[in-house]
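Letter by letter, the chains look like this.
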Amino acid sequence: MSALAGQHILIGITGGIAAYKIPELIRRLKDEGAQVRVILTKGGEAFVTPMTLQAVSGEEVHSELLDTQAEAGMGHIQLAKWADIVMIAPASANTLAKLAHGFADDLLSTVCLATAAPLLLAPAMNQQMWQHPAVKANMQRLSEQGVKAIGPESGSQACGDVGAGRMSEPHQIKTFIIEQLQDSVSKPLAGVRLTITAGPTREAIDPVRYISNHSSGKMGFALAQSAAKLGAEVTLIAGPVDLQTPTGVKRLDVESAQEMLEAALANPSDIFIGCAAVADYRVANIAEHKIKKNAQSGAPQLELIENPDILKTIAEQNPAPMCVGFAAETRDVETYAIDKLKRKKLALIIANDVSNSDIGFNSDNNAAVVLSADERVVFEQQSKTSLAHQLAHYIANHFHQNFRR
Ligand SMILES: Cc1cc2nc3c(=O)[nH]c(=O)nc-3n(C[C@H](O)[C@H](O)[C@H](O)COP(=O)(O)O)c2cc1C
């Protein structure tokens, strides 16, 4: 499988003559299974049309920062989070200056500040411009910020000059992107089977009503995506949630705790992560027909019985996978988490405080404390995507140190 398969590559095209080569680059990236989105600067629009880029990328081309239509006005943040890597080709002298100094006055420069993805550049300009001390200083600043660049190459230029300033060729840029992806995303979970549950469960009362909870599934889905990016063969067992299936992940949709357990047992793994908010109880006798309001007999009494404990059941299998639990609590978070860690014989427990609405069930952010028999590690508040990335690495390390058989 190509290193580009399933990767999200955001291409920024600025106002240089070499922009005409970018449709070719996009086609090569798409041929290897990458998903490509494009940001075109106003300068870039003079050299290559949005129509051509849309046709080759299969995606709408983005140009406007102040666009009320784009994702309810937050399109720049969506694009910044979506990207696994940002490649600006060609990178004009003007855009290099903006990036070196942290400007955010158009969509491309704003996304570059807002993304956690590695930023790559393919500078291209007249040889005299490339030699200018201001351009040299800007490249130096960018390099100090960790930005990587390919080229420019030497040769004859569109303006008739000869010298350094030609953009590297699309096949060279593609290879450069693959190398950077391989560097930034090692695959410590390659060949490891990882099953993860996510979202709430629904416990039926009658054919139209149920007991459930506020879990959005976002944390579990983000973790499934991060684990897949680290090379794991991921099975995601999802309760009822309205979320897109992460790339490269096998998804099984379930409703009740009972169904979730059956799916978990049917998908043995090396690592099991219980991220779902599973209902502790279900209704003993689910009514066959809708329960009607009845003034005489008053409010119905629901008899509840205990649901199976999915994590505990999986941890008791022989052989058992490395089990990771989540403890979403509203008070005494770590005390409850340590109790759960010991009682269920888990390898790790990820504790988080859901009483704080900034990092709670439906939020896009989270913070966590990971506890094991001999370690306590704090992960500060950040986006669920970024936290998932860090947790996936932590889980992978723990697995290799303690469980790899
Ligand atoms: C015909 C033509 C070709 C140009 N080629 C380049 C180029 O290769 N590199 C560059 O840095 N600027 C080039 N420029 C200048 C940029 O288009 C200009 O600086 C613009 O403001 C860049 O805006 P942007 O960085 O937002 O895309 C060229 C301008 C023209 C008119």
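The residue numbering used here restarts from 1 in each chain and proceeds along that chain's sequence as written. Residues qualify for local features only when their pLDDT is at least 70, as the model is predicted, and side-chain atom pairs are given and counted only at 80 or more; totals for whole chains, interfaces and linings, by contrast, use all residues. Side-chain metrics in this entry use all non-hydrogen atoms of the structure; hydrogen atoms and water are not considered.

- The chain appears in an unreviewed UniProt entry as Coenzyme A biosynthesis bifunctional protein CoaBC from Idiomarina baltica OS145.

### A closer look at the overall build of the chain
- For the chain, the count of helices and strands is 14 helices and 19 strands.
- The C-alpha extent of the chain, read off along each of the three principal axes, is 90 × 55 × 35 Å.
- Three labels apply to residues, based on accessible area from a 1.4 Å probe with only protein chains included: buried if under 20% of the type maximum, exposed if over 50%, partly exposed otherwise in between. Within the chain, the proportion of its 405 residues that are buried is 48%.
- Expressed as a percentage of contacts within the chain between residues at least 6 apart in sequence, the contacts between residues at least 24 apart total 67%. By the criteria applied, helices consist of DSSP H or I runs no shorter than four residues and strands consist of E runs no shorter than two, each listed in order from the N terminus. It only takes one pair of heavy atoms within 4.5 Å for two residues to be counted as in contact.

### Examining the sheet that holds strand S16 (residues 322-329)
- Read across the sheet, eight strands follow the order S12-S11-S8-S13-S16-S17-S18-S19 without closing on themselves; strand pairing throughout is mixed. For this open sheet the edge positions go to strand S12 (250-253) and strand S19 (376-383), each flanked by a neighbour on one side alone. Direction aside, neighbouring strands of the sheet carry axes that sit 15 degrees apart on average.
- Following DSSP output, two strands are said to pair if at least two bridges run between them. As defined by bridge partners, strand S8 (residues 193-198) adjoins strand S11 (residues 233-238) across six bridges and the pair is classed as parallel. Looking at S11, one finds that Ile196 is bridged to Leu236. Each axis is a line fitted through C-alpha atoms, taken for helices only over the stretch in contact, and angles between the N-to-C directions span 0 to 180 degrees.

### Structural notes on the pattern of salt bridges
- Take a side-chain nitrogen of Lys or Arg and a carboxyl oxygen of Asp or Glu: if they are within 4 Å of each other, that pair is a salt bridge. One pass over the full model with this rule turns up 20 salt bridges.
- Between Lys21 and Glu169 there is a salt bridge whose closest N-O contact spans 2.9 Å. Of this pair, Lys21 sits in the loop between strand S1 (8-13) and helix H1 (22-31) while Glu169 sits in the loop between strand S7 (162-166) and helix H9 (170-184); the two residues are 148 residues apart in sequence, bridging distant segments of the chain.
- Taking relative accessible area as the criterion, Lys21 reaches 15% and is therefore assigned buried.
- Classification of Glu169 by relative accessible area gives partly exposed; the value is 25%.

### Thoughts on the UniProt feature "binding site: CTP" (unreviewed entry) in the chain
- According to UniProt, the positions carrying the feature "binding site: CTP" (unreviewed entry) are Gly274, Cys275, Ala276, Asp280, Lys290, Pro308, Asp309, Ile310, Leu311, Phe326, Lys340 and Lys344. In sequence the annotated residues extend across 71 residues, and in space they extend as well, their farthest C-alpha pair lying 37.1 Å apart.
- Counting through the fold element by element, Ala276 comes out in the loop between strand S13 (271-274) and strand S14 (281-283).
- Residue Ala276 is classed as buried on the basis of its relative accessible area, which comes to 15%.
- In this structure, Ala276 is in contact with Thr197, Ala198, Gly199 and Met260, ignoring residues within four places of it in sequence.
- The topology assignment puts Leu311 in helix H12 (residues 310-315).
- With sequence-adjacent residues up to four places away left out, Leu311 is seen in contact with Phe272, Gly274, Cys323, Val324, Gly325, Lys344 and Leu346. UniProt positions are given in the numbering used here, feature names are shortened, and annotations may be inferred rather than shown by experiment.

### A closer look at the site of the ligand
- One heavy atom within 4 Å of a molecule or strand is enough for the residue carrying it to be called near that molecule or strand. Taken together, the neighbourhood of the ligand is formed by 15 residues, with Gly15, Thr41, Ser92, Ala93 and Thr95 sitting nearest.
- Pairs of N or O atoms within 3.5 Å make up the polar contacts considered here, provided that, within protein, one atom can donate a hydrogen while the other can accept it, and that residues adjacent in sequence are counted only when both atoms are side-chain atoms. Interatomic distance of 2.6 Å between a side-chain N/O atom of Ser92 and an oxygen atom of the ligand.
- Ala124 is positioned with one of its backbone polar atoms (N or O) 2.8 Å from a nitrogen atom of the ligand.
- Only the protein chains shown count as cover for residues, with accessible areas throughout obtained via the Shrake-Rupley method and a probe of 1.4 Å. Considered on its own, the ligand offers 640 Å² of accessible surface; in the complex 61% of this is hidden by protein.
- Looking at the shell around the ligand, the elements with two or more residues in it are helix H2 (42-45) and helix H5 (93-100).
- With three residues, the top contributor of residues to the shell around the ligand is H5.
- Looking at side-chain class alone, the shell around the ligand contains six nonpolar, nine polar and no charged residues. Under the scheme applied here, ten amino acids are nonpolar (Ala, Val, Leu, Ile, Met, Phe, Trp, Tyr, Cys and Pro), four are charged (Asp, Glu, Lys and Arg), and all others, including Gly, are polar.

### A short note on the packing of helix H10 (residues 218-229) against helix H14 (residues 384-402)
- The contact between H10 and H14 brings their axes to 8 Å, and the two run at 50 degrees. Relative to H14, the element H10 lies oblique. The two elements H10 and H14 meet at a crossing, and its hand is right-handed. Listed contacts from H14 to Lys218, Met219, Ala222, Leu223, Ser226 and Ala227 of H10 are Lys384, Thr385, Leu387, Ala388, His389, Leu391 and Ala392.
- Here the contact of H10 with H14 is composed, by residue class, of eight nonpolar, three polar and two charged. Between 65 and 115 degrees an angle is taken as roughly perpendicular, under 35 as roughly parallel, over 145 as roughly antiparallel, and anywhere else as oblique. By definition, turning the near helix anticlockwise from the far helix through less than a right angle yields a left-handed crossing, and turning it clockwise yields a right-handed one.

### Observations regarding a nonpolar patch on the surface
- Together, Ile17, Tyr20 and Phe47 line one region of the surface with nonpolar side chains, adding up to about 340 Å² of accessible area.
- A relative accessible area of 37% places Phe47 in the partly exposed class. For patches, a residue must show more than 30% relative accessible area and have no salt bridge; joins then use 9 Å for like charges and 5 Å for nonpolar side chains, namely Val, Leu, Ile, Met, Phe, Trp and Tyr.

### Looking at the nonpolar core
- By size, the foremost hydrophobic cluster in this structure holds 39 residues, and its most contacted members are Leu189, Leu194, Ile196, Val234, Ile271 and Ile273.
- By residue number, the principal contributor to this core is H14, which donates eight residues.
- Every residue in contact with Ile273, bar those within four places of it in the chain, is listed here: Leu194, Thr195, Ile196, Thr197, Leu223, Val324, Phe326 and Ile395.
- Throughout this description, the term nonpolar core refers to a set of buried Ala, Val, Leu, Ile, Met, Phe, Trp, Tyr and Cys residues connected via side-chain atoms within 4.5 Å. Ranked by size, the runner-up nonpolar core spans 30 residues in total, among them Ile22, Val61, Ala89 and Ile150.

### Thoughts on the environment of Tyr394
- Mapping Tyr394 onto the fold places it in helix H14.
- Taking relative accessible area as the criterion, Tyr394 reaches 14% and is therefore assigned buried.
- With 171 residues separating them along the chain, Tyr394 and Leu223 place their C-alpha atoms 12 Å apart.
- The residues touching Tyr394, leaving out its near neighbours within four places in the chain, are Leu348, Val370, Glu375, Val377 and Phe379.
- Polar contacts involving the side chain of Tyr394 include one to the side chain of Glu375, which spans 2.4 Å.

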